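# Observations on chain architecture
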Amino acid sequence: MAKGLTADDLRTQPEAELVTKLKEAKEELFNLRFQAATGQLETHGRLREVKREIARIYTVMRERELGIVEFAEEPVEESTDE
């Protein structure tokens, strides 16, 4: 998963950004399925990757809905200048 999204990355994103990423991933999945049906798809692994990205986005959104995980901004690293 070199190019894909991780759940930790998604948890640091606001809800609007998640919705945007979900929409983009669904559009990409549609295009990949269309290419597969017409025999033009070269990377079949990308289908699986996009499906998993969609599932990750839905999981993070559901965690927030249930209150399991709150929106977590990226942690601020404190400098220890001594």
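Provided above is the structure to which this section pertains.
Report on the accompanying structure. Small disclaimer: the values here were computed from a predicted structure and weren't measured.

## Looking at helix 3 (residues 45-66)
Over its 22 residues, helix 3 extends 32 Å from the first C-alpha to the last, a length consistent with the 32 Å expected when each residue adds 1.5 Å. Residues of helix 3 that are buried: Arg46, Leu47, Val50, Glu53, Ile54, Ile57, Val60, Met61, Glu63 and Arg64. Next to the buried residues of helix 3 lie helix 1 (7-11) and helix 2 (15-38). Immediately downstream of helix 3, the backbone of glycine 67 shows phi near 80 degrees, a positive value.

## Observations concerning the nonpolar core
One finds Leu10, Leu18, Val50, Ile54 and Ile57 to be the most contacted residues of the largest nonpolar core, which totals 14 residues. Residue assignment for this core shows that the elements contributing at least two residues are helix 2 and helix 3. Among the elements that line this core, the one with the most residues is helix 3, at six residues. Excluding residues within four positions of it along the chain, leucine 18 makes contact with Leu10, Gln13, Ile57, Val60, Met61 and Arg64.

## Concerning the side chain of glutamate 53
Locating glutamate 53 in the fold gives a position in helix 3. Relative accessible area serves as the criterion here: at 9%, glutamate 53 is assigned to the buried category. When sequence neighbours within four positions are dropped, the list of residues in contact with glutamate 53 reads Gly4, Leu5 and Arg46.

## Focus on the environment of arginine 52
Tracing the backbone through its elements, the reader meets arginine 52 in helix 3. Taking relative accessible area as the criterion, arginine 52 reaches 45% and is therefore assigned partly exposed.

Each value, and the rule that gives it
Residues numbered from 1 in each chain as written. Predicted model: local features only at pLDDT ≥ 70, side-chain atom pairs only at ≥ 80, totals over all residues. Heavy atoms only, no water. Helix = DSSP H or I, 4+ residues; strand = E, 2+ residues; numbered from the N terminus. Expected span 1.5 Å × (residues − 1). Buried < 20%, exposed > 50% of the residue type's maximum accessible area, 1.4 Å probe, protein only. Contact = heavy atoms within 4.5 Å. Core = buried A, V, L, I, M, F, W, Y, C linked by side-chain atoms within 4.5 Å.

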